[in-house]
Amino acid sequence: MTPLEPALIARFQADVTRLSETGRLALAVSGGPDSMAMLTLAAAAFPGQVAAATVDHGLRAASADEAAMVAAYCATLGVPHATLAIAEPRPATGNLHAWARKHRYALLLRWAAGAGCGALLTAHHADDQAETFLMRAARGSGVAGLAGIRARQPLDAVAILRPLLGWRNRDLRAVATTAGAPFVDDPSNRDPAFERARVRATLAAIDWLDPLRLAAAAAHAAEAEDALAAMTRLSWSQRAVESPGAVAITITDLPREIRRRLAARALRTIDPATATDNIESLLESLEAGGRATQGNVLASAAGEIWRFRAAPPRRSH
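For the chain, the name recorded in an unreviewed UniProt entry is tRNA(Ile)-lysidine synthase, with Sphingomonas panacis as its organism. Entered under Subcellular location (unreviewed entry) in the UniProt record, the comment concerning the chain runs "Cytoplasm". According to the UniProt record, the Sequence similarities (unreviewed entry) comment for the chain reads "Belongs to the tRNA(Ile)-lysidine synthase family."

Trainee: An account of the overall build of the chain is needed here, citing residue identities and associated values.
Mentor: In terms of regular secondary structure, the chain is built from 11 helices and 11 strands. Dimensions of the chain along its principal axes, counting C-alpha atoms only, are 70 × 45 × 40 Å. Here the chain holds 317 residues, and 42% of them are scored as buried. Across the chain, the fraction of contacts at a sequence separation of at least 24, relative to all contacts at a separation of at least 6, is 66%. By element, 54% of the accessible surface of the chain is carried by carbon and sulfur atoms, the whole surface being about 16,500 Å². The positive charge centre, built from 35 side chains, and the negative charge centre, built from 31, are 5 Å apart in the chain.

Trainee: With reference to specific residues and values, describe the packing of helix α9 (residues 211-239) against helix α10 (residues 256-270).
Mentor: For the pair α9 and α10, the least separation of the axes is 10 Å and the interaxial angle reads 65 degrees. The two elements α9 and α10 cross, and the hand of that crossing is right-handed. Across the interface between the two elements, Glu-225, Leu-228, Ala-229, Met-231, Thr-232, Arg-233, Ser-235 and Trp-236 from α9 touch Glu-257, Ile-258, Arg-261, Leu-262, Arg-265, Ala-266 and Thr-269 from α10. Split by residue class, the contact of α9 with α10 holds 7 nonpolar, 3 polar and 5 charged.

Trainee: Quick one: what's the story with the sheet that holds strand β1 (residues 25-28), residue by residue and with numbers?
Mentor: Within a sheet, each strand pairs with its neighbour through backbone hydrogen bonds, oriented either parallel or antiparallel. One open sheet accounts for 6 strands, arranged β3-β2-β1-β4-β6-β5; its pairing is mixed. In this open sheet, the two strands that pair with only one neighbour each are β3 (81-85) and β5 (152-153). In this sheet, strand β6 (residues 159-161) lies alongside strand β4 (residues 119-121) in parallel orientation, the contact comprising 3 bridges. Its bridge partner lying in β6, Leu-121 is registered against Leu-161. The sheet contacts of helix α4 (residues 96-114) involve β1, β2 (50-56), β3, β4 and β6, and relative to β2 the element is tilted by about 150 degrees.

Trainee: Can you tell me about the UniProt feature "binding site: ATP" (unreviewed entry) in the chain, naming the residues and giving the values?
Mentor: The feature "binding site: ATP" (unreviewed entry), as annotated in UniProt, sits at Ser-30, Gly-31, Gly-32, Pro-33, Asp-34 and Ser-35 in this numbering. The buried category is assigned to Gly-31, whose relative accessible area is 0%. Not counting residues up to four positions away in its chain, the partners in contact with Gly-31 are Met-36, Met-69, Val-70, Pro-182, Phe-183 and Val-184. Turning to its location among the elements, Gly-32 is positioned in the loop between β1 and α2 (33-45). According to the relative accessible area criterion, Gly-32 is buried, its value standing at 14%. With residues near it in sequence (within four places) discarded, Gly-32 still touches Phe-183 and Val-184.

Trainee: Account for the layout of surface pockets, naming residues and giving values.
Mentor: To locate leftover empty space, one rolls a probe as large as a water molecule over the atoms. Approximately 510 Å³ is the volume attributed to the second largest pocket. Lining the second largest pocket are 23 residues, and of these Ile-149, Arg-150, Ala-151, Arg-152 and Leu-165 sit closest to its centre. Among the elements of the structure, α1 (6-19), β5 and α9 are those that each provide at least two residues to the lining of the second largest pocket. The leading source of residues in the lining of the second largest pocket is α9, at 8 residues. Across the lining of the second largest pocket, the residue classes tally to 13 nonpolar, 3 polar and 7 charged.

Trainee: Any chance you could break down the environment of Leu-234 for me, citing the residues and the numbers?
Mentor: Secondary-structure assignment places Leu-234 in helix α9. Exposure remark for Leu-234: the relative accessible area of 47% places this residue in the partly exposed category. Measuring from C-alpha to C-alpha, the distance between Leu-234 and His-124 comes to 32 Å, with 110 residues separating the pair along the chain.

Trainee: Please provide a residue-by-residue account of the side chain of Thr-54, values included.
Mentor: Tracing the chain through its elements places Thr-54 in strand β2. With relative accessibility at 2%, the residue Thr-54 sits in the buried group. In this structure the side chain of Thr-54 is engaged in a polar contact, spanning 2.8 Å, whose partner is the backbone oxygen of Val-29. Once residues within four sequence positions are removed from consideration, Thr-54 is found in contact with Val-29, Ser-30, Ala-67, Val-70, His-81, Ala-82, Thr-83 and Leu-84.

Trainee: If you had to explain the pattern of salt bridges to someone new, which residues and values would you point to?
Mentor: Applying the stated criterion across every chain yields a total of 15 salt bridges. Arg-168 is paired through a salt bridge with Asp-127; the nearest N and O atoms lie 2.9 Å apart. Within this pair, whereas Arg-168 is found in the loop between β6 and α7 (169-179), its partner Asp-127 is found in helix α5 (residues 126-138), the two being separated by 41 residues in sequence. For the pair Arg-168 and Asp-127, a shared accessibility class is recorded, and that class is buried. The salt bridge partner of Glu-280 is Arg-260, with a shortest N-O separation of 2.8 Å. Highlighted residues: Glu-280 in helix α11 (residues 280-287) and Arg-260 in helix α10, separated in sequence by 20 residues. The exposure class assigned to Glu-280 is partly exposed, which follows from its relative accessible area of 28%. The network of salt bridges with common partners includes Glu-225, Arg-256, Glu-257, Arg-259, Arg-260, Arg-261, Glu-280 and Glu-287.

Parameters and conventions
- Residues numbered from 1 in each chain as written.
- Predicted model: local features only at pLDDT ≥ 70, side-chain atom pairs only at ≥ 80, totals over all residues.
- Heavy atoms only, no water.
- UniProt positions renumbered as here; feature names shortened; annotations may be inferred.
- Helix = DSSP H or I, 4+ residues; strand = E, 2+ residues; numbered from the N terminus.
- Buried < 20%, exposed > 50% of the residue type's maximum accessible area, 1.4 Å probe, protein only.
- Contact = heavy atoms within 4.5 Å.
- Areas by Shrake-Rupley, 256 points an atom, 1.4 Å probe, with all protein chains shown as cover.
- Lys, Arg positive; Asp, Glu negative; His and termini not counted.
- Charge placed at Lys NZ, Arg CZ, Asp CG, Glu CD.
- Axes fitted to C-alpha atoms, helices over the stretch in contact; angles between N-to-C directions.
- Left-handed = near helix turned anticlockwise from the far one by under 90°.
- Nonpolar A, V, L, I, M, F, W, Y, C, P; charged D, E, K, R; others polar.
- Pairing = 2+ DSSP bridges.
- 1 Å grid on protein atoms, 1.4 Å probe; cavity = no way out; pocket = protein on both sides within 12 Å on 5 of 7 lines; lining within 4 Å.
- Points joined across faces, edges and corners; volume = space filled by probe spheres on them.
- Polar contact = N/O pair within 3.5 Å; in protein donor to acceptor, adjacent residues only side chain to side chain.
- Salt bridge = Lys/Arg side-chain N within 4 Å of Asp/Glu carboxyl O.

Structural data, given as C-alpha cells:
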C-alpha cells in the first residue's frame, strides 16, 4: 500500500469538516473505486473515528464477494465493517434502482445510528452531480431539481454527507489505485438501458461539457433553492393564517415561485397525502380568481387571499 499524499488527506478532511463537526463517521462503501477511495481517505484523515458498511443487494451473483472484499480491506485499515443485506425480495417490475436505493439508505442509516455515528458519508462525486444536473435539466426541472445531489442532508439522527462532490471520478480512481485498494466496476454503470449510463457516455464524448462546471451550476442552484426556501418560510410566517382544517394566505406582490411554494405548503398542511409536485393548473385557477381541487384539498381565491380547506366528499352515483 502506497501512502497517500498529505495534500489529498488534508483536502478530504477539510471537505468533511466543512459539512459537519461530528465525531464518529459512518461510510457507505460499495466496493467501487469511488467509495474505496473515500474509505482510504477517511481512514487516513480520521483514524479511529470511522466505520464502514456494505449493502449486499443480492442483485448480482458477485455482490457477496464484493462485500467480502470491502471487509478484508477494512481489516487492513483497522476500520470496523458490517455487511448489510436487503431482506425483502426484489420486485418483478418497476424501477429496480429506486427500490435498491430506498432499502440501501434505510439499512445504512439504521446501522449508522446503531454504531453511534452522527453522519453517513457517501461517495457521490462531481461526475455524479453533473449527470444528475443534465438528467433533471432534460426533464425541465425547476431550481429544486437542478440543485441536484445535496452535499448535506440533515435527518433525525444521522446526517448524510457527500464530501466528494468537488472531486472527479478519475481522481478518486487514482487515489484507490495508488493506495492499492481493491475495487470493482459495476457493469450497470455502462449499460445503456439505464438513463444515467447514457448521460455518462454523453459527458465522456463531449469534451466541452465539463463535469466540474456542471457540478458548480448545481451548487449555485442549491444556494438559490435555499434562499427561496427561506423566503417561503418567512412569507408563511407573515402571510399565512391557519385555523382548524383551513389555511388563508395573503399573496399580494409575491413572485409566482413563492406563491407556488406557499400553495404547495398549504396543500400539505391540509392533507399531507396530497401530491404537490405539479400544481400548475391549480395556480392558474387561483390567479384567475377561481377555485380548484388538488387531491383532497379545495383551493379558492378571493381578491389577494387564497384559501385552502379539505375538499367535500365526492358524491357517489
